[in-house]
Amino acid sequence: MNSLDQSKNRTIRNTDIEKIKSYLVKSLTTESVGLGLTEEERREEILQRLDDIYSKTGLNLPDSLRTQVFRDVLDELIGYGPIQPLLENPNITEVMVNGPKLVYIEKDGKITKTKITFENDNHVIRVIERIVLPLGRRIDAESPTVDARLPDGSRVNAVIPPVAIDGPSLTIRKFSTERLGVDQLISYNSITRSMVDFLHACVVAKLNILISGGTGSGKTTLLNVLSSLIPESDRIVTIEDAAELQMQQEHIVRLETQTADLDGRGQVTTRDLVRNSLRMRPDRIIVGEVRGGEALDMLQAMNTGHDGSMTTLHANAPRDALSRLETLTLMSEVDLPADVVRKQIAAAVDLIVQVARMRDGSRKVTAITEVAGMEGDTVVLTDIFKYEQTGITDDGKLIGDLKPTGIRPLFSPTLEMAGFKLKPEIFGANITEILNSNRRRR
């Protein structure tokens, strides 16, 4: 494009481009477009009508600008408005709309502000409605928050006034089409081979595992990876608010919660599904996240023969995870003393895997901790692996190591009974020093 075209583009953008797009959108929405057509057919019909309407306006935009205007109009009519290009970008993992002029993204672990804007609050709300209404969800003044899942699996949360004081907010956690495995996590330095070997043994030996971490720390990703290690012969029941787990096994039943309809009927909670799953003869129960009274049902399932179960929860350290699990259990409205709840937790949970999103945007397993029983009223925790930060590079990357602590877990005999006799080196023992020490004793 020559400098004259570029100058003309800037002039049009700064004055009339938004009015042109608004006129084209309104002209198309007054017509009945795409009824009974497939998405691709509807798209083609809209493009044809758009071209006809544009020709009648007498406008003569440069080709590149005309193409961009048509794309924006299409996004507005059959996509998700200004954020559609962000959702199509495979390198963007999260889109956060804080208001019409504040749109942020997460890319490569870093959060940045974009230049994308909406017209006003109503424009944001229209996009939110376009997302949630086809999914059978509602959002209005009486129900101002909504959780939903896009057809591709991406997780959506939207909040509008009066709850959202400064205007509507939209957060989309994008669904990754790439299914990460242990090799990728090792290549990203999120976990070590020794950790993977240990966790593999724990999964196959049917230990109950709790994955703990903050928002966006990679809990679901790790749960996916650990779930892939479950033997094919096991019957698995998964329970999620929004189905994200990418299970590869055949013998699996996937359950998803359901919100109430407009009349307040039809709600199915995580707790309802956990209780129902016990009647489905599961070998493993996997709950995407515990965040309420279903924690008690999950603990009872773990304590009554459903070994090998897994779940995640929000907490910043293994000890915090136990405290949060205790709090969630007490939310079940079953009147249990705190010490009884702690004993249930200590008996049910074998292992806590702590994950974190680090300051440099990387995600790591920062601790693998054994729940080693009770001492008085306190649950005993023992770190088997631990992340130690040793420094930071000039470009802000963290320097550190994921190391074994040298302690073997008390459940080692359980691993051996499952066929896993793990080498001492996995737990940090120096086999040469051990052999030399034995020789000296002789």
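Enquirer: Please explain the overall build of the chain as it appears in this structure.
Expert: Regarding its fold elements, the chain presents 15 helices and 15 strands. Projected onto its principal axes, the C-alpha positions of the chain cover 100 × 55 × 40 Å. Residue burial in the chain is summarised as follows: out of 442 residues, 44% are buried. Taking contacts inside the chain between residues at least 6 apart in sequence as the whole, the part at least 24 apart equals 52%. Entry remark: accessible area of the chain is about 22900 Å², with carbon and sulfur atoms responsible for 48%. If the 56 positive side-chain charges of the chain are averaged to one point and the 63 negative ones to another, these points end up 4 Å apart.

Enquirer: Can you help me understand the pairing of strand β4 (residues 145-149) in this one?
Expert: Burial of the side chains of β4 is restricted to one face: V146 and A148 are buried, whereas none of T145, D147 and R149 on the reverse face is. Sheet analysis places β4 next to strand β5 (residues 155-159), joined by 5 bridges and oriented antiparallel. Paired with V146 across the strands is A158, a residue of β5. As consecutive antiparallel partners, β4 and β5 are separated by 5 residues, and within that stretch G153 has a phi angle of approximately 100°, a positive value.

Enquirer: I would appreciate a short explanation of helix α12 (residues 318-330) in the present structure.
Expert: Given 3.6 residues to a turn, an α-helix orients residues that are three or four positions apart in the same direction. In this model α12 runs 19 Å from its N-terminal to its C-terminal C-alpha over 13 residues, within 8% of the 18 Å that 1.5 Å per residue would give. Of all the residues in α12, the buried ones are P318, A321, L322, L325, E326, L328 and T329. Looking straight down α12, one finds that the buried residues subtend no more than 165° of arc, so they occupy a single side.

Enquirer: Would you mind showing me how to read the packing of aromatic side chains here?
Expert: Aromatic ring pairs are described here by two measures, namely the spacing of the ring centres and the angle between the planes. Summed over the entire model, instances satisfying the criterion amount to 3 aromatic pairs. An angle of 50° between the planes, with centres 5.6 Å apart, marks the rings of F198 and F385 as tilted. One end of the pair, F198, is in helix α8 (residues 193-204); the other, F385, is in strand β14 (residues 378-392), with 187 residues separating them in the sequence. One aromatic cluster is present, formed by F198, F385, F411 and F427 through successive ring pairs.

Enquirer: I would appreciate a short explanation of the side chain of Q246 in the present structure.
Expert: Within the fold, Q246 resides in the loop between β8 (236-240) and β9 (252-256). Residues contacting Q246, with those up to four places away along its chain left out, are F175, S176, R179 and N224.

Enquirer: Mind showing me how you'd approach the environment of Q300 here?
Expert: Summarising the element assignment, Q300 is placed in helix α11 (residues 294-302). Given the relative accessible area of 35%, Q300 is considered partly exposed. When the C-alpha positions of Q300 and Q344 are compared, they lie 7.8 Å apart, and in sequence the two are 44 residues distant.

Enquirer: Whenever I open this one, the packing of α12 against helix α13 (residues 338-348) confuses me. Can you help?
Expert: For any two helices packed against each other, the geometry comes down to the angle between their axes and how far apart the axes lie. It is the contact of α12 with α13, at a shortest axis distance of 10 Å, that shows an interaxial angle of 120°. Here α12 is positioned oblique relative to α13, judged by the angle of their axes. In this structure, α12 crosses over α13, and the sense of that crossing is right-handed. Contacts between α12 and α13 involve L322, L325, E326, T329 and L330 from the former and A338, V341, R342 and I345 from the latter.

Enquirer: In this structure, what is going on with the confidence of the model for the chain? I would like to understand it.
Expert: Low pLDDT marks stretches whose predicted atomic positions should not be read closely. Averaged over every residue, the pLDDT of the chain is 85; the share at 70 or more is 90%. Within the chain, the element-level pLDDT minimum falls on helix α15 (residues 431-441), averaging 46, and the maximum on strand β7 (residues 209-213), averaging 97. Across residues 1-10 the pLDDT falls below 50, and counting only partners more than four positions away or on other chains, this stretch makes 9 contacts in the model. A low-confidence stretch, residues 431-442 (pLDDT under 50), is modelled with 3 contacts involving residues beyond four sequence positions or located in other chains.

Enquirer: What should I look at first to understand the nonpolar core in this one?
Expert: The nonpolar side chains of a soluble globular protein tend to be buried, and buried together. Residues F198, I209, L226, L351, V353, I368 and L415 are the most contacted members of the largest nonpolar core, which totals 40 residues. Contributing elements (two or more residues each) for this core: α8, β7, α9 (219-227), β12 (351-357), β13 (363-375), β14 and β15 (398-404). No other element matches α8, which puts 7 residues into this core. Grouped together as the second largest cluster of nonpolar side chains are 29 residues, V237, L313, I352 and V379 included.

Enquirer: Help me understand the sheet that holds β14 in this model?
Expert: Backbone-to-backbone hydrogen bonds pair the strands of a sheet. The strands run either parallel or antiparallel. The mixed open sheet is built from 9 strands, whose spatial order is β9-β8-β10-β11-β7-β12-β13-β14-β15. Of all the strands in the sheet, just β9 and β15 have a single pairing partner and so form its edges. Geometrically, the sheet is characterised by an average inter-axis angle of 25° between neighbouring strands, direction not taken into account. In terms of strand pairing, β8 meets strand β10 (residues 284-287) through 4 bridges, oriented parallel. Of the residues in β10, the one forming a bridge with I239 is V287.

Enquirer: I would appreciate a short explanation of the environment of I399 in the present structure.
Expert: With respect to the helices and strands, I399 occurs in strand β15. The class for I399 is partly exposed, based on a relative accessible area of 39%. Those residues in contact with I399 that sit more than four places away from it in its chain are Y387, E388, Q389, T390, G391, I392 and T393.

Enquirer: Help me understand the pattern of salt bridges, please; the structure alone is not making it clear to me.
Expert: As a working rule, side chains carrying opposite charge can pair if their charged atoms are close by. All told, the structure shown has 17 salt bridges when counted by the stated rule. Between E256 and R149 there is a salt bridge whose closest N-O contact spans 2.8 Å. Of this pair, E256 sits in strand β9 while R149 sits in strand β4; the two residues are 107 residues apart in sequence, bridging distant segments of the chain. Classification of R149 by relative accessible area gives partly exposed; the value is 28%.

The rules we used
Residues numbered from 1 in each chain as written. Predicted model: local features only at pLDDT ≥ 70, side-chain atom pairs only at ≥ 80, totals over all residues. Heavy atoms only, no water. Helix = DSSP H or I, 4+ residues; strand = E, 2+ residues; numbered from the N terminus. Buried < 20%, exposed > 50% of the residue type's maximum accessible area, 1.4 Å probe, protein only. Contact = heavy atoms within 4.5 Å. Areas by Shrake-Rupley, 256 points an atom, 1.4 Å probe, with all protein chains shown as cover. Lys, Arg positive; Asp, Glu negative; His and termini not counted. Charge placed at Lys NZ, Arg CZ, Asp CG, Glu CD. Pairing = 2+ DSSP bridges. Expected span 1.5 Å × (residues − 1). Arc of directions from axis to C-beta. Phe/Tyr/Trp six-rings, centres within 6.5 Å; stacked < 30°, edge-to-face > 60°. Axes fitted to C-alpha atoms, helices over the stretch in contact; angles between N-to-C directions. Parallel < 35°, antiparallel > 145°, perpendicular 65-115°, else oblique. Left-handed = near helix turned anticlockwise from the far one by under 90°. pLDDT = per-residue confidence, 0-100. Core = buried A, V, L, I, M, F, W, Y, C linked by side-chain atoms within 4.5 Å. Salt bridge = Lys/Arg side-chain N within 4 Å of Asp/Glu carboxyl O.

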